[in-house]
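Spelled out from the first residue to the last, the chains are:
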Amino acid sequence: MRIHDWLAAHRAEGTELLRQLVRIPSTQGNELEVQRLVAERLLADPGWEVDVWEPDGETLTEHPDFCSERNRFDGSPNVVGVLRGTGGGRSILLNGHADVVPEGDRQQWRRDPYGGEVAAGRLYGRGASDMKGGTVSLLLAVRAIRELGIRLRGDVIFENVIEEESGGAGTLAAIVRGYRADAALIPEPTNMRIFPKQQGSMWFRITVKGRSAHGGTRYEGVSAIEKSMAVIASVRELERARNARIADPLYAGNPIPIPINIGVIEGGNWPSSVPDRVKLEGRMGVAPEESLGQARQEMARWLAGLAASDPWFAAHPPVLEWFGARWMPGSLDPGHELVRVLSDQYREVLGTEPVIEASPWGTDGGLLTSLGGTPCVVFGPGLARKAHHPDEYIELDRVFEAAEIIALTILRWCGTEEGLAR
């Protein structure tokens, strides 16, 4: 019970660390203060080799998997700590992200989004669930191992990266810098479920053309709004066709495993004119075993098929573009040893069976698995249904339960000199 007792003894300290992190509004471009705090925590233990650097945007933009709204990262550093093992064990990479999404309309918050208020066993604030609570679980897990004097055989690499919320440029920069391991764990807000597979996603834009005319003689024009309705209906059919092929049992409880969402519709510029252009923007889900390129090609073929049912589209085909954020899908065999080890420790700590599913959203796990050659599982204490929401919160009990499960997983995965200790 050594890990468990250490975490119980340091509960107030861990809670205060999470409050400090949540009180820093680390939205995109404003991560520096959070990263300083995390780096200070690592540097307090001389066992960590700490690497703090601002990703080179000029180099990253040349990478085919780069995705970001910006190409300079001044004042937005990555933080990586490496804890060297004694040798002969397997390495593990622990990946957290510093950035949070904006708080949005503060009128919808009953609590200060950056207050870190604690009430009834919950800690409130933007980023509490996504994913500063998970980052605290990682830091507590490794610190417990260190302060108990347990020597690991394998290396531990801890990353706190930027840019996860906008496509993963921070994790990409860490991969390019050479950080890889035998396996990885990301404590995204899974509500303590285990995700060996992560859906990918990417943003698209479809421009639908019409022909302008006076509204009084609208029959002389072609409404791009009406034509866009046909395009949207076609996209819905594509979504149904793609999801009908999903037979993976890890998606059994998900009604739409890989959705296609239309999030923006813009068209027309005058009430008395027939609109000649409509812009649709949305997000396309990508299956774990599918590539982004395959998904792009299928949508392009599907939209081209509109010409067969409507001559207008034969002469004026919709224009498909891919822009903005994208997340690479990731797939780890549910029988992988990391999944088994993590599941065993879950049972040991909580006394129940873990829920193993496929992620309904994208994470940096796809980059780690597919590009970094580091098999990744996603497991964390936060609540996905509260992430990005007003009054975001995390259950503090889950932070410490996850820390215990992760600590024991590290011991089993990396191996120890003294044998295992709980």
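Coordinates for the structure precede this section.
Being a predicted model, the structure only gives us computed values, none of them experimental.

Trainee: How should the overall build of the chain be read in this particular structure?
Mentor: Summing up its helical and strand segments, the chain has 12 helices and 16 strands in all. For the chain, the spread of C-alpha atoms along the principal axes amounts to about 85 × 45 × 45 Å. For the chain, with 422 residues in total, the buried portion stands at 54%. On the chain, roughly 17,500 Å² of surface is accessible, and the fraction owed to carbon and sulfur atoms is 49%.

Trainee: Looking at this structure, how should I read the side chain of Glu 188?
Mentor: Within the secondary structure, Glu 188 sits in the loop between strand 7 (184-186) and strand 8 (194-198). The buried charged residue Glu 188 lacks any salt bridge partner; its closest oppositely charged side chain belongs to Arg 193, at an N-O distance of 11 Å. Among the polar contacts made by the side chain of Glu 188, one reaches the side chain of His 97 at a distance of 3.4 Å. Ignoring anything within four residues of it in the chain, the contact list for Glu 188 reads His 97, Asp 130, Met 131, Glu 164, Trp 361, Thr 363, Val 378, Phe 379, Gly 380 and Pro 381.

Trainee: Please clarify how the sheet that holds strand 5 (residues 122-124) should be interpreted in this entry.
Mentor: Backbone-to-backbone hydrogen bonds join strands into a sheet, with any given pair of strands oriented parallel or antiparallel. Here three strands make up an open sheet; going across it, the order is 4-5-16 and the pairing antiparallel. Where the open sheet ends on each side, the last strands, each with one partner, are strand 4 (118-119) and strand 16 (393-395). With two bridges connecting them, strand 4 and strand 5 associate as antiparallel partners. Note on strand 5: the bridge partner recorded for Ala 119 is Arg 122. Along the sheet, helix 2 (residues 11-22) makes contact with strand 4, strand 5 and strand 16, crossing strand 5 at roughly 20°. Together, strand 5 and strand 16 form the strand contacts of helix 5 (residues 128-147), whose direction differs from that of strand 16 by roughly 45°.

Trainee: What exactly am I supposed to notice about the nonpolar core here?
Mentor: A general tendency of soluble globular proteins is for nonpolar side chains to be buried together. Leu 94, Val 156, Phe 379 and Ile 410 are the most contacted members of the largest nonpolar core, which totals 59 residues. Sort the elements by how many residues they give to this core and helix 12 (residues 396-414) lands first, with 13 residues. Grouped together as the second largest cluster of nonpolar side chains are 25 residues, Leu 93, Ile 157, Tyr 179 and Phe 195 included.

Trainee: Could you clarify how one ought to interpret the sheet that holds strand 9 (residues 200-209) in this entry?
Mentor: With antiparallel pairing, the four strands of this open sheet are ordered in space as 10-11-9-12. Looking at the sheet topology across the chains shown, the edges are occupied by strand 10 (260-267) and strand 12 (319-327). On average, each strand axis in the sheet is inclined to that of its neighbour by 20°, with strand direction left out of account. As paired elements, strand 9 and strand 11 (residues 277-286) share 10 bridges and run antiparallel to each other.

Trainee: Honestly, the packing of aromatic side chains in this entry has me stumped. Any pointers?
Mentor: Aromatic ring pairs: the centre-centre distance and the angle between the two ring planes describe each pair. Counted according to the given criterion, the structure contains six aromatic pairs. Judged by centre distance (6.1 Å) and plane angle (70°), the ring pair of Phe 204 and Trp 322 falls under edge-to-face. Here Trp 322 lies in strand 12 and Phe 204 lies in strand 9, a separation of 118 residues in the sequence. Given a relative accessible area of 26%, Trp 322 falls into the partly exposed group.

Trainee: Looking at this model, I keep getting lost on unusual backbone geometry. Mind explaining?
Mentor: For residues that are not glycine, phi is negative in most cases, and the peptide bond is trans in most cases. Look at the link from Asp 130 to Met 131: it is a cis peptide, with omega at -10°. With respect to the helices and strands, Met 131 occurs in helix 5. Unusually for a residue other than glycine, Ala 120 sits at a positive phi of about 50°. Looking at where Ala 120 falls in the secondary structure, it is placed in the loop between strand 4 and strand 5. Phi is positive for Glu 163, close to 70°, though the residue is something other than glycine. When you line up the elements, Glu 163 lands in the loop between strand 6 (156-161) and helix 6 (169-176). By relative accessible area, which is 0% here, Glu 163 ends up buried.

Trainee: Please explain helix 7 (residues 224-244) as it appears in this structure.
Mentor: An α-helix turns once per 3.6 residues; consequently, residues spaced three or four apart project the same way. Given a rise of 1.5 Å per residue, 21 residues ought to cover 30 Å, and the 30 Å separating the end C-alpha atoms of helix 7 matches this to within 8%. Along helix 7, the positions that sit buried rather than exposed are Ala 224, Lys 227, Ser 228, Val 231, Ser 234, Val 235, Leu 238, Glu 239, Arg 242 and Asn 243. Where helix 7 is buried, its residues meet strand 9, strand 10, strand 11, helix 8 (292-304) and helix 9 (311-315). Sitting at the head of helix 7, Ser 223 places a side-chain oxygen 3.2 Å from the backbone nitrogen of Ile 225.

Trainee: Just checking my understanding: could you explain the side chain of Lys 386 for this structure?
Mentor: By the element assignment, Lys 386 lies in the loop between strand 15 (376-379) and strand 16. Look at Lys 386: it is buried, it has no salt bridge, and the nearest opposite charge is Asp 391 at 6.4 Å. Those residues in contact with Lys 386, other than ones at most four positions away along the chain, are Asp 391, Glu 392 and Tyr 393.

Trainee: Please explain the pattern of salt bridges as it appears in this structure.
Mentor: Proximity of charged atoms lets side chains of opposite charge pair with each other. Going through the model one piece at a time under the given rule, you end up with 38 salt bridges. Across the pair Glu 226 and Arg 218 runs a salt bridge whose closest N-O atoms are separated by 3.8 Å. For Arg 245, the salt bridge identified is with Glu 298, shortest N-O distance 2.9 Å. Linking Arg 245 in the loop between helix 7 and strand 10 with Glu 298 in helix 8, this pair joins segments that are 53 residues apart in sequence.

Cut-off values and rules
- Sequence order sets the numbering: in each chain, residues are counted from 1 along the sequence as written.
- Residue-level local features of this predicted model are given only where pLDDT is at least 70; pairs of side-chain atoms are given and counted only at 80 or more, and the full residue set underlies all totals for whole chains, interfaces and linings.
- Think of the side-chain values as coming from all heavy atoms in the structure, minus any hydrogens and water.
- Elements are defined by DSSP. Helices are runs of H or I of four residues or more, strands are runs of E of two residues or more, and each kind is numbered from the N terminus.
- Exposure categories follow from relative accessible area, calculated using a 1.4 Å probe and restricted to protein chains: below 20% of the type maximum is buried, above 50% is exposed, and the middle band is partly exposed.
- For every accessible area listed, the method is Shrake-Rupley and the probe measures 1.4 Å; residues are considered covered only by the protein chains on display.
- A residue counts as positive if it is Lys or Arg and as negative if it is Asp or Glu; His and the chain ends are not included.
- One speaks of a salt bridge when a side-chain nitrogen belonging to Lys or Arg is within 4 Å of a carboxyl oxygen belonging to Asp or Glu.
- Side-chain atoms alone can form a polar contact between residues adjacent in sequence; in general such a contact is a pair of N or O atoms within 3.5 Å, and within protein one must be able to donate a hydrogen while the other accepts it.
- Contacts are assigned to residue pairs that have any heavy atoms within 4.5 Å of one another.
- Being paired, for any two strands, means DSSP has found at least two bridges between them.
- Lines fitted to the C-alpha atoms define the axes, with helices restricted to the stretch that makes contact. Angles between their N-to-C directions range from 0 to 180 degrees.
- We define the nonpolar core as a collection of buried residues of types Ala, Val, Leu, Ile, Met, Phe, Trp, Tyr and Cys that are connected through side-chain atoms lying within 4.5 Å of one another.
- Each pair of aromatic rings taken from Phe, Tyr and Trp, with Trp reduced to its six-membered ring, is defined by centres within 6.5 Å and is described as stacked if the planes are under 30 degrees apart, edge-to-face if over 60, and tilted in the remaining cases.
- Here, expected helix span is obtained from the residue count minus one, scaled by 1.5 Å.

Read these as geometric descriptors, not functional statements.
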